[in-house]
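# Examining the three-dimensional arrangement
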Amino acid sequence: MKYKVDISHDADNDLRCIYKYIAYELCSFENASSLLGRLQDAILSLDEMPKRNRLYDKEPWKSRGMRFMPVSNFIIFYIPDDEKMTVTVTRVMYGGRNIEEQLNK
């Protein structure tokens, strides 16, 4: 069965900021578009087997069922809900950032 994939406001904002930074700050529109496409494809692939990726091992996210999926130098954080058959993408972050600090915001 397929899950419905929802993207939170924070994750949507993360994607927009990633694109803007690469496209405008680094002046690399092609790379920004290519990366955004890879991130979007990875997010949409969560409609099948969303538990294929590891649980985030720190609390309180582990007990909430948060999982993560690396894509290039970025990490997609999401929570699958088997009862509602949904996957909620909570954040998309650069892997070099202080992840825990960003998740607490």
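Look up a bit, the structure's there.
An account of the accompanying structure is given in this report.

Procedures and definitions
Residues numbered from 1 in each chain as written. Predicted model: local features only at pLDDT ≥ 70, side-chain atom pairs only at ≥ 80, totals over all residues. Heavy atoms only, no water. Pairing = 2+ DSSP bridges. Helix = DSSP H or I, 4+ residues; strand = E, 2+ residues; numbered from the N terminus. Axes fitted to C-alpha atoms, helices over the stretch in contact; angles between N-to-C directions. Contact = heavy atoms within 4.5 Å.

### Considering the sheet that holds strand β4 (residues 86-94)
Spatial strand order, β1-β4-β3-β2: four strands in an open sheet with mixed pairing. In this open sheet, the two strands that pair with only one neighbour each are β1 (4-7) and β2 (67-71). Direction aside, the axes of adjacent strands within the sheet are offset by 30° on average. Pairing of β1 with β4, which is carried by four bridges, proceeds in the parallel orientation. For Asp6, the partnering residue across the bridge sits in β4 and is Thr88. Lying over the sheet, helix α1 (residues 9-25) contacts β1, β3 (74-81) and β4, oriented at roughly 35° with respect to β4.

These values are about where atoms sit, not about what they do.
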